[in-house]
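Coordinate analysis (summary)
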Amino acid sequence: MFFLKRFGSIAIGLLVCLAIDAIAGGMDDFSRRLIILAGLYVTLSVSLNLINGITGQFSMGHAAFYQVGAYASGYFAVTFYGKIPWLTGPMWIIAMMGVSAIAAAIAGLIVGLPSLRLKGDYLGIVTLGFGEIIRIIVQNQEVIGGSYGMNVQPKFPVLFGGTGTSGVWMVWVLAFICIAVCRNLLKTVHGLPFLAVREDEVASSAMGVNVTKMKVIAFLIGSSFAGAAGALLAHYEGFLTPTMFTMDVSFIILTMVVLGGTGSITGSALAAAVLFYLPEKLRDLPPVPVAYIAGGIVSVLLMVSVMKRISITYHGPKGKGALLYFGTFFGAAALSFVLGLILSAVPSIAQMEAIEANRLRMVIFAGTLIILMLLRPQGVLGHHEFSWTWVRRVLGIKNRPSKAVSA
Amino acid sequence: MYDLTNTVAGLNFSALPQTLTNGILNGAIYALIALGYTMVYGVLRLINFAHGEVFMLGAYVALLTSYALGYGPAASGDPTNPLLSLAIMLLLSMTICAIIGVLIERFAYRPLRSQPRIASLITAIGVSLLLQYGGALFLPVSPPPSIKETVNPPEFRKPVTIVLTQPDEKITQTIADLKPAYEEAKQKWEAQKKIEKDEFELTPEGEAIRSEFQEKERAYSGAVREADTSSNKIIVPTGKLIMLSTSMFLMVILWYLVTRTRAGRAMRAVSHDFDSAALMGVDVNKIVTLTFVIGSSLAGAGAMMLASFQGTPLTTFFGLQPGVKAFVAAVLGGIGNIPGAVLGGLLMGVAEDMVIWAGYSEYKDAVALVILIIVLLFRPGGILGSSKVEKV
């Protein structure tokens, strides 16, 4: 039964990947690009979650591992591609993912070692610094293109023959493997020490957990997945520059982890997909008049304060609380619209030039970040995982009574 | 392989005093920003990532004030009262930065004070991104505007030269010997130039005169250069001296405030132990607000001085690099420690200019982080800080 379930889930995972591939194959280039990048961000955020959320080592330089992986595979592709006859297509990508994972794991080891001495904010700062140092070093190496960037050949679509399979499944297989590794680690006895280290280092070492080993292993696994994602990025983009791996990227990945809920694998995966999609989709919006932006800001401030008050003072039944929240949310949306209408009647505001939605992208990202942190500091899912039992409970379906155990 | 002896010999040691001076001048600004980081960390145990953005807004306030005072991009002519306008710019930047700092604390950090520290940290990152990208919607960004040089009175723009050692006497003699011949050849060539039709098609006569002039010029300028490298001198723009003295003045005021006043004592108490201070009747919220007022206004002062005396073009990402460096400076000196921040800022500035001096200017931004990592690995408390041992 156990193995049936396991093989079943592997088969379903592969089928989902192929389905994504088939769907993405029919889409335009931009949408396919979004799906690929979303998959990469899921991998990145779940792998960072292993370091940050599960082991509790506050790492802020995940873009560094991503960069090391991308450049390692890029350099390998430039030097070795075509010299080994049987390495073509998916095989080449798999080999490159391996190479990048090893390169990034070495980088992770180097970063993991200071984590033996540092903790909390200080570790965060060091990892952040490490990320920037790697970027600056890469920027000044002529061999890998310096600040001009490196041309990686062959590109992803070429490797997969252009049409037919688009190679999207490769990205999602990596994401699913990453999720599966983290999930299985947590479900088995090997994952408990990680959680112990997060909760209390001193106590867990007193209980016989090798704290050092656990921290380094977390860094190794997390960074190697980020490196493999980097390899896919390098071959998908076909071009790498150091500006693709700035501090902002690290912050965005960290944000996904924290918003999804530190320690929740499904949380960080969902947050990665949503947080990546929302700002990209904003590009399609028409220019927004200033009046509506002002109305939006006012109503968001109102919404935050009202929701905060509800969460402090309301102690009634759960369903009604949720209704209050939704009411506030939609009320605020309506208010922002009304305020926008009123403000656009003011001539001086109406004459202001409308702002392109594209430029609002990062502003909305930052705003979402602050608001979610204020309303729910532990992240959307907190320490919980998504599960069908939870869905049933939310939908009000009662669980089947478990079989009575005969004495 | 690098030839180490060559690299060492290649360094221009006579430029060292100038390098150190530049480093201290830059370091003073880093110290001003670092004070904000260190005070907030000392009181709230929070890395205020938005501090660099407060700095950026301070520079923009100075810019817009200078526009309002008649130094706009289209303005021309001499300033009417430059000292007064500089003072207005400084005061306005400090005030508005203080207000922004307090608003950020009130609406972004205070609601999260009882939550785990990572939540406040993420909020700080969010605020910083919001100010960077949100500012770009409303502030002038392209082409990057800069405060007009005419804001400084002409006497502020003159450099002060301090000669430490005179050039070698022999070389001075050589220069004096070469000078008449050089001047003569130069005059001859200038006269010939007027006769010649085209500079690229010289007559044989003109060719000879030019080659003679070039030869003389080479010898002369070589000697001058040699004299330059054999002498030690420091050139400081007066504006930067004013920058340094103003920052030192502000730091002295801060020191007085923290060590000699009631509010300063309360601040030290809160930074020592948040909860006990609250129990002892210190109004913690007031003290935190005061901390943000002081830290942000110092950042505003630094930003105004950097933007107007250096004339750096402004973008909304202007605060990122100084912010990171000042933060490193704060950690270097021992975060939470006020003299430490000043020391760290000065060291940071000097280290950066030393790297440029050694010929690795492309690694200028990395040196801060390398220093940071080394310091944290070997002395996690910083230079003046103390490291605590965790007890169960």
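To keep things clear, this report deals only with the structure shown in the data block.

Cut-offs applied
Residues numbered from 1 in each chain as written. Chains lettered and ligands numbered in written order. Predicted model: local features only at pLDDT ≥ 70, side-chain atom pairs only at ≥ 80, totals over all residues. Heavy atoms only, no water. Disulfide = S-S within 2.5 Å. Buried < 20%, exposed > 50% of the residue type's maximum accessible area, 1.4 Å probe, protein only. Helix = DSSP H or I, 4+ residues; strand = E, 2+ residues; numbered from the N terminus. Pairing = 2+ DSSP bridges. Salt bridge = Lys/Arg side-chain N within 4 Å of Asp/Glu carboxyl O. Patch = residues over 30% accessible without salt bridge, like charges linked within 9 Å, V, L, I, M, F, W, Y side chains within 5 Å. Areas by Shrake-Rupley, 256 points an atom, 1.4 Å probe, with all protein chains shown as cover. Contact = heavy atoms within 4.5 Å. Buried area = accessible area lost by both parts, 1.4 Å probe. Polar contact = N/O pair within 3.5 Å; in protein donor to acceptor, adjacent residues only side chain to side chain. Nonpolar A, V, L, I, M, F, W, Y, C, P; charged D, E, K, R; others polar. Axes fitted to C-alpha atoms, helices over the stretch in contact; angles between N-to-C directions. Parallel < 35°, antiparallel > 145°, perpendicular 65-115°, else oblique. Left-handed = near helix turned anticlockwise from the far one by under 90°. Phe/Tyr/Trp six-rings, centres within 6.5 Å; stacked < 30°, edge-to-face > 60°. Lys NZ or Arg CZ within 6 Å of the ring centre and 35° of its normal.

What to know about the state of the cysteines
As used here, a disulfide is simply a covalent bond connecting the sulfur atoms of two cysteines. One pass over the structure, following the stated rule, counts zero disulfides over all chains. Counting only cysteine sulfurs, Cys 178 of chain A is the nearest neighbor of Cys 17 of chain A, a cysteine outside any disulfide, at a range of 13 Å.

Some points on the pairing of strand E2 (residues 232-237) of chain B
Residue and element names in this part refer to chain B. Burial of the side chains of E2 is restricted to one face: Asn 232, Ile 234 and Val 236 are buried, whereas none of Lys 233, Ile 235 and Pro 237 on the reverse face is. Sheet topology note: the strand E1 (residues 159-165)/E2 ladder contains six bridges and is antiparallel. By the bridge assignment for E2, Thr 165 is matched with Asn 232.

Looking at the pattern of salt bridges
Two side chains carrying opposite charge are able to pair once their charged atoms lie near each other. Under the criterion given, the structure shown has 11 salt bridges over all chains. Of the charged contacts, one joins Glu 199 of chain A and Arg 198 of chain A as a salt bridge, the two residues approaching to 3.1 Å between their closest N and O atoms. Note on Arg 198 of chain A: relative accessible area 23%, which makes it partly exposed. A network of salt bridges, in which partner residues are shared, links Lys 325, Glu 352, Lys 364 and Asp 365 of chain B.

Remarks on a nonpolar patch on the surface
Residues and elements named next belong to chain A. Nonpolar side chains collect at one region of the surface, where Phe 2, Phe 3, Phe 7, Ile 10 and Leu 14 lie side by side and expose about 580 Å² of accessible area between them. Secondary-structure assignment places Leu 14 in helix H1 (residues 2-25). Leu 14 gets classed as partly exposed once you look at its relative accessible area, which sits at 45%.

Overview of the interface of chain A and chain B
At the interface, 39 residues of chain A touch 44 residues of chain B. For the chain A and chain B pair, buried surface summed over both sides reaches about 3,700 Å², with 79% attributable to carbon and sulfur atoms. Per-residue buried area on chain A facing chain B is highest for Asp 121, Tyr 122 and Ile 125 of chain A; these three make up 15% of the total on that side. Taken together, chain A and chain B are joined by zero salt bridges. Linking chain A with chain B are four residue pairs in polar contact (both at pLDDT 80 or more). Every element with two or more residues in the side of chain A that touches chain B is listed here: helix H5 (121-139), helix H11 (247-260) and helix H16 (357-375) of chain A. Residues belonging to the side of chain A that touches chain B are distributed by class as follows: 28 nonpolar, four polar and seven charged.

As for the packing of helix H4 (residues 82-109) of chain B against helix H12 (residues 284-310) of chain B
How two helices pack is summed up by the angle between their axes together with the distance between the axes. Residue and element names in this part refer to chain B. Where H4 contacts H12, the axes come no closer than 7 Å and their chain directions differ by 140°. As judged from the angle between their axes, H4 and H12 are oblique. Seen from above, H4 lies across H12 with right-handed handedness. Of H12, the residues touching H4 (which contributes Leu 86, Met 89, Leu 90, Ser 93, Met 94, Cys 97, Ala 98, Gly 101, Val 102, Glu 105 and Tyr 109) are Val 288, Thr 289, Phe 292, Val 293, Ser 296, Ser 297, Gly 300, Ala 301, Met 304, Met 305, Ser 308 and Phe 309. The residue inventory of the contact of H4 with H12, partitioned by class, reads 15 nonpolar, seven polar and one charged.

Side note on the packing of aromatic side chains
For the structure on display, the rule yields 18 aromatic pairs over all chains. Between Phe 76 of chain A and Phe 80 of chain A the ring centres are 5.2 Å apart and the planes differ by 45°, which places this aromatic pair in the tilted class. Residue Phe 76 of chain A and its partner Phe 80 of chain A are located together in helix H3 (residues 62-80), separated by four residues, close to a single helical turn. Taking the relative accessible area as the measure of exposure, Phe 80 of chain A reaches 39% and is therefore partly exposed. On the basis of an interplanar angle of 20° and a centroid distance of 6.3 Å, the ring pair of Tyr 182 of chain B and Phe 213 of chain B is categorised as stacked. Within this pair, whereas Tyr 182 of chain B is found in helix H7 (residues 169-195), its partner Phe 213 of chain B is found in helix H8 (residues 204-230), the two being separated by 31 residues in sequence. In this pair, the class of Tyr 182 of chain B matches that of Phe 213 of chain B, namely buried. An aromatic cluster of at least three residues, connected via ring pairs, comprises Phe 251 of chain A together with Tyr 37, Phe 49 and Phe 327 of chain B. The ring centre of Phe 107 of chain B lies 5.6 Å from the NZ or CZ of Arg 106 of chain B, which sits over that ring.

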